[in-house]
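Observations on the model geometry
The chain contents come next:
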Amino acid sequence: MLASDQKKMIEALKYKTSKMLSKDRYDYDMYQKRDKDEEDLDSLSMKRLREIYDKYADKK
């Protein structure tokens, strides 16, 4: 997955944090900080971000 996909998922979840469970919120905050530092996520982190995205993001 590309860094642009990572950024899009993090941006899409930005306004959903109030609905997240505490573990999901903690993981999201870590991914958001790593994205702010322009770090690429490893495969396990990307998989977890995808799970959070699928769980909370609005489907069009």
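Quick note: structure is the one above.
The sections below set out a description of the structure shown in this document. (Residues numbered from 1 in each chain as written. Predicted model: local features only at pLDDT ≥ 70, side-chain atom pairs only at ≥ 80, totals over all residues. Heavy atoms only, no water.)

**So, the environment of Ile10**
Within the element layout of this structure, Ile10 appears in helix H1 (residues 3-13). Counting along the chain gives 43 residues from Ile10 to Tyr53, while the straight-line C-alpha distance between them is 8.1 Å. Contacts of Ile10, omitting those with residues within four sequence positions, involve Tyr28, Tyr31, Gln32, Asp35 and Leu49. (Helix = DSSP H or I, 4+ residues; strand = E, 2+ residues; numbered from the N terminus. Contact = heavy atoms within 4.5 Å.)

**Points about unusual backbone geometry**
Located in the positive-phi region is Glu38, a residue other than glycine, with phi close to 60°. The residue Glu38 is located in the loop between helix H2 (22-36) and helix H3 (43-56) in this model. Among the residues examined, Glu38 registers a relative accessible area of 72% and is labelled exposed. (Buried < 20%, exposed > 50% of the residue type's maximum accessible area, 1.4 Å probe, protein only.)

**Let's talk about the nonpolar core**
Judged by nonpolar contacts, Met9, Ile10, Leu13, Met20, Tyr28, Tyr31, Leu41, Met46, Leu49, Ile52, Tyr56 and Ala57 together constitute the single largest core of 12 residues. Elements with a minimum of two residues in this core: H1, H2 and H3. In terms of residue count, the dominant contributor to this core is H3 (4 residues). Leu13 has contacts with Met20, Tyr28, Leu49, Ile52, Tyr53, Tyr56 and Ala57, leaving out every residue within four places of it along the chain. (Core = buried A, V, L, I, M, F, W, Y, C linked by side-chain atoms within 4.5 Å.)

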